[in-house]
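# Summary of structural features
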Amino acid sequence: MLLPQGKCIWKNLSTFFVNIRALMQYIRDQDFDGYIYIDLKNEKGIMFLHEGDFTFGILEYNNEEKKNINNVKEILDYINGRKKTLIDVYSLSNRSVEIITDLCLKEVKPYQTNLSSEFFNIESYINNYLNKINFNGYVEIYFQDGEEGIVSLHEGKVNTIITDSLQLRRDRATQSELRVFDMYALKLLERAQSKGAKYDIYAYV
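In short, a report on the structure.

About the cut-offs
- Within each chain, residue numbers correspond to sequence positions counted from 1 in written order.
- A pLDDT threshold of at least 70 governs which residues receive local features in this predicted model, and a stricter bar of 80 or more applies before side-chain atom pairs are shown or counted, although totals over entire chains, interfaces and linings include all residues.
- Hydrogen atoms and water are omitted, and side-chain values are computed over all heavy atoms in the structure.
- Only the contacting stretch of a helix is used when fitting its axis, a line to C-alpha atoms as for every element, and angles between N-to-C directions run 0 to 180 degrees.
- Helix and strand assignments follow DSSP, with helices taken as H or I runs no shorter than four residues and strands as E runs no shorter than two, numbered in order from the N terminus.
- By the definition adopted for this analysis, an angle is roughly parallel if under 35 degrees, roughly antiparallel if over 145, roughly perpendicular if from 65 to 115, and oblique otherwise.
- Contacts are assigned to residue pairs that have any heavy atoms within 4.5 Å of one another.
- When residue character is reported, Ala, Val, Leu, Ile, Met, Phe, Trp, Tyr, Cys and Pro are called nonpolar, Asp, Glu, Lys and Arg charged, and the others, Gly included, polar.
- Patch membership requires more than 30% relative accessible area and the absence of a salt bridge. Residues of like charge join within 9 Å; the nonpolar side chains Val, Leu, Ile, Met, Phe, Trp and Tyr join within 5 Å.
- All accessible-area figures derive from a Shrake-Rupley calculation using a 1.4 Å probe, and residue coverage is judged against the displayed protein chains alone.
- The salt bridge criterion pairs a side-chain nitrogen of Lys or Arg with a carboxyl oxygen of Asp or Glu, the two atoms within 4 Å.
- Accessible area is worked out with a 1.4 Å probe on protein chains only. A residue is then buried under 20% of its type maximum, exposed over 50%, and partly exposed in between.
- Only four residue types enter the charge count, namely Lys and Arg as positive and Asp and Glu as negative; His and the chain termini do not.
- The term polar contact refers here to a pair of N or O atoms within 3.5 Å; inside protein, the definition further demands a hydrogen-donor-capable atom paired with an acceptor-capable atom, and it admits residues adjacent in sequence only when both atoms are side-chain atoms.
- Residues belong to a common nonpolar core when they are buried Ala, Val, Leu, Ile, Met, Phe, Trp, Tyr or Cys residues joined through side-chain atoms within 4.5 Å.
- Each Phe, Tyr or Trp ring (for Trp, its six-membered ring) is paired with any other whose centre lies within 6.5 Å, and the angle between the two planes then decides the class: stacked below 30 degrees, edge-to-face above 60, tilted in between.
- Think of it as a cone above the ring: NZ of Lys or CZ of Arg counts as a charge over the ring if it is within 6 Å of the ring centre and within 35 degrees of the ring normal.
- A pair of strands is considered paired only if DSSP assigns at least 2 bridges between the two.

### Looking at the packing of helix H4 (residues 122-130) against helix H5 (residues 175-195)
Contact pair H4 / H5: the axes reach a minimum separation of 8 Å and the direction vectors enclose 135°. On the basis of their axis angle, the class for H4 and H5 is oblique. Residue-level inspection shows Ile122, Glu123 and Ile126 of H4 in contact with H5, the latter providing Leu186, Leu189, Glu190 and Gln193. When grouped by side-chain class, the residues that make up the contact of H4 with H5 number 4 nonpolar, 1 polar and 2 charged.

Shown next, in the form of structure tokens:
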């Protein structure tokens with residue numbers, strides 16, 4: 001899961017020293033926007049909050065992800081039962097959390113996976129094929145240097161751009177953002193092609 005770059009509030013908090021229930025209550029009382037990252041040894045848990053309310057949780061295990069609101073309780077139950085779990089807390093803008101939550105909670109199915117820029121031009125595929133079939137879904141981009149990005153499409157047109165430093169949605173963008181939206185999307189796709197990347201494409205169900 002692509003985790004956008006946010007402001008680190010706390011890092012490597014250990015449940016050995018920290019009262020988790022008190023920490024969670026404090027975060028919620030602050031109308032917090034952002035996410036909590038938990039290292040669960042063989043798993044990773046991520047919980048997103050919007051204005052102090054948990055929106056959804058992600059459990060990662062063996063490179064597989066489960067995304068839904070029920071994961072939040074599962075993650076919290078796990079933390080409460082462990083004394084040496086490490087927790088990181090990152091804040092994001094209110095809009096960034098809305099964009100990520102909206103994208104992640106939609107049900108999807110694999111459309112094309114394990115694609116490589118070595119043999120596959122993602123920009124051409126979007127413009128010349130996905131656009132023509134009014135595709136609804138998103139493309140996950142995995143750069144060779146470890147960077148990640150997500151481009152979602154609504155009826156074949158780029159609607160959302162998510163990188164570690166940028167989260168934009170066309171229908172919620174300001175006028176100044178709209179003027180450069182397509183340029184941002186183009187630059188991301190061109191950079192993936194030139195630097196080398198892998199792609200997974202998912203269609204909304």
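### Some points on a nonpolar patch on the surface
Nonpolar side chains collect at one region of the surface, where Tyr111, Tyr129 and Ile133 lie side by side and expose about 260 Å² of accessible area between them. Under the relative-accessibility criterion, Tyr111 is labelled partly exposed at 31%.

### Some words on the side chain of Asp200
Checked against the element boundaries, Asp200 lands in strand E12 (residues 197-204). Although buried, Asp200 forms no salt bridge, and the nearest oppositely charged side chain, Lys198, lies 9.4 Å from it. There is a polar contact of 2.8 Å between the side chain of Asp200 and the backbone nitrogen of Asn114.

### Some points on the nonpolar core
In summary, soluble globular proteins display a tendency toward joint burial of nonpolar side chains. Counting 24 residues, the largest nonpolar core has Ile122, Ile126, Val139, Ile141, Tyr199 and Ile201 as its most contacted members. Only H4, strand E8 (137-143), strand E9 (148-154), strand E10 (157-163), H5 and E12 provide two or more residues apiece to this core. Here this core gets 5 residues from one element, more than from any other, and that element is H5. In contact with Ile141, not counting residues within four places along its chain, are Glu147, Glu148, Gly149, Val151, Leu188, Leu189, Ala192, Ala197, Lys198 and Tyr199. The next biggest cluster of nonpolar side chains, apart from the first, holds 19 residues, and it includes Ile36, Met47, Ile75 and Val89.

### Overview of unusual backbone geometry
The phi dihedral of Asn114 falls on the positive side, at around 55°, and the residue is not glycine. Tracing the backbone shows Asn114 in strand E7 (residues 108-116). Residue class for Asn114 comes out exposed when judged on its relative accessible area of 69%. The backbone of Glu155 shows a phi angle near 50°, a positive value even though the residue is not glycine. As for its placement among the helices and strands, Glu155 is situated in the loop between E9 and E10.

### Remarks on the packing of aromatic side chains
Within the structure shown, the criterion is met by 11 aromatic pairs. Ring geometry for Tyr35 against Tyr90: centres 5.2 Å apart, planes inclined by 20°, an arrangement best described as stacked. Taken together, the residues span a long stretch of sequence, with Tyr35 in strand E2 (residues 34-40) and Tyr90 in strand E6 (residues 86-91) at a distance of 55 residues. Positioned above the aromatic ring of Tyr204 is the side chain of Lys106, whose terminal nitrogen or guanidinium carbon lies 4.7 Å from the ring centre.

### Brief notes about the sheet that holds strand E4 (residues 53-61)
Across the sheet, 6 strands lie side by side as E1-E6-E2-E3-E4-E5; this open sheet has antiparallel pairing. In this open sheet, the two strands that pair with only one neighbour each are strand E1 (7-14) and strand E5 (64-68). Pairwise comparison of adjacent strand axes, ignoring direction, gives a mean angle of 15° for this sheet. Where E4 and E5 come together, 5 bridges link them in antiparallel fashion. Across the sheet, residue Gly57 finds its bridge partner in E5, namely Asn68. Running over the sheet, helix H1 (residues 20-29) touches E1, E2, strand E3 (43-50), E4 and E6 and is turned about 170° from E1. Sheet strands touched by helix H3 (residues 94-104): E2, E3, E4 and E5. Its angle to E3, the strand with the most contacts, is close to 125°.

### A closer look at the packing of H1 against helix H2 (residues 70-80)
It is the contact of H1 with H2, at a shortest axis distance of 10 Å, that shows an interaxial angle of 140°. Overall, the two elements H1 and H2 adopt an arrangement that is oblique. Between H1 and H2, the contacting residues are Ile20, Arg21 and Met24 on the first element and Leu76, Ile79 and Asn80 on the second. By residue class, the composition of the contact of H1 with H2 is 4 nonpolar, 1 polar and 1 charged.

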